[in-house]
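What the coordinates show
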Amino acid sequence: MSTTLLLARHGQTVWHAENRYAGVSDVALTDEGRRQARQLGEWAARHPVDAIRTSTLSRAIETAAPACAALGLTPHRDPELRECDFGVVEGRTLTEFGLEHPEAALDFADDPVAHPFPEAEDPRSAAMRGADALRRAARAHEGERVLVVAHNTLLRLVLCELLGIPLGDYRRVFPRLRNAALTELRLSGDTASLLGLNLPTDR
């Protein structure tokens, strides 16, 4: 029996305007991010899910809150759904990093898994922990629909891991997950199927 996972990136944060890397840093939502969270909650009221799981970072918890309230659900907070640690690039832009370390920035752009940022979490480890978290969710809610609110880079790595796409291609194959949009994934045993990417929540 399969489980439907509806993966949502958290709402916009205060670092989005300058495209700063927010990994393990606990960055707050903007007013627009809170609006996106409310819209996700309205979507959940129209398309109920059976369970909600979130990262332990506040931007994911706050994004999931309106959906939890709409459905009367208590979210399961899973630390394995946290964003990747971006090491020395936490709070900085790729441009800023490139000005100081041009060769390292070029290597990252060429293959972000083989050449992660200095002091960053190994993307392969992040992909495995995130994929394992989704597999656990699917087993716990077999045959149900689960909303999972997490993070941009982690979810892109996990999608590659589950779909058999080379991890080093995650930035090319999945350039961006839109804030509070939905990616629909079906898990059945070891088989994963991508049913929708960046689906809007206004309908």
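Residues numbered from 1 in each chain as written. Predicted model: local features only at pLDDT ≥ 70, side-chain atom pairs only at ≥ 80, totals over all residues. Heavy atoms only, no water.

Digging into the packing of aromatic side chains
- Across all of its chains, the model carries four aromatic pairs by this definition.
- Pairing Phe-97 with Phe-117 gives two aromatic rings, centres 5.2 Å apart and planes at 80°, and the pair type is edge-to-face. Of this pair, Phe-97 sits in helix α3 (residues 94–100) while Phe-117 sits in the loop between α4 (102–110) and α5 (123–140), and the two are 20 residues apart along the sequence.
- In this structure Phe-117 comes out as buried when scored by relative accessible area, which is 3%. (Phe/Tyr/Trp six-rings, centres within 6.5 Å; stacked < 30°, edge-to-face > 60°. Helix = DSSP H or I, 4+ residues; strand = E, 2+ residues; numbered from the N terminus. Buried < 20%, exposed > 50% of the residue type's maximum accessible area, 1.4 Å probe, protein only.)

Remarks on the nonpolar core
- Within the largest apolar cluster, 36 residues are counted, with the highest numbers of intra-cluster contacts made by Leu-7, Leu-134, Leu-157, Leu-162, Leu-185 and Leu-187.
- Of all elements in the fold, only β1 (3–9), α4, α5, β4 (145–150), α6 (152–163) and β5 (182–188) reach the threshold of two or more residues within this core.
- Here the element with the most residues in this core is α6; it accounts for seven residues.
- Discounting chain neighbours no more than four positions away, the residues touching Leu-7 are Leu-134, Val-148, Leu-155, Leu-159, Ala-181, Leu-182, Thr-183 and Leu-185.
- Listed in part, the 14 residues of the second largest apolar core include Ala-8, Leu-40, Ala-64 and Cys-68. (Core = buried A, V, L, I, M, F, W, Y, C linked by side-chain atoms within 4.5 Å. Contact = heavy atoms within 4.5 Å.)

A few points about the sheet that holds β5
- The strand order across the open sheet built from six strands is β3-β2-β4-β1-β5-β6, with neighbouring strands paired in mixed fashion. Of all strands in the sheet, those bounded by a partner on one side alone are β3 (76–77) and β6 (191–199).
- Inspection of the sheet shows strand β2 (residues 51–54) paired to β4 by four bridges, in the parallel sense. Following the sheet pairing, Ala-51 is matched in β4 by Val-146.
- Those strands touched by helix α1 (residues 31–46) are β1, β4 and β5, and its axis lies near 175° from that of β4. (Pairing = 2+ DSSP bridges. Axes fitted to C-alpha atoms, helices over the stretch in contact; angles between N-to-C directions.)

Here we look at empty space enclosed by the protein
- Scanning all chains against the criterion turns up one cavity of 30 Å³ or more.
- Taken as a whole, the largest cavity holds about 100 Å³ of empty space.
- Around the largest cavity, the lining comprises 14 residues; the ones closest to its centre are Phe-86, Phe-108, Glu-121, Pro-123 and Tyr-170.
- In terms of residue class, the lining of the largest cavity is made up of 11 nonpolar, one polar and two charged. (1 Å grid on protein atoms, 1.4 Å probe; cavity = no way out; pocket = protein on both sides within 12 Å on 5 of 7 lines; lining within 4 Å. Points joined across faces, edges and corners; volume = space filled by probe spheres on them. Nonpolar A, V, L, I, M, F, W, Y, C, P; charged D, E, K, R; others polar.)

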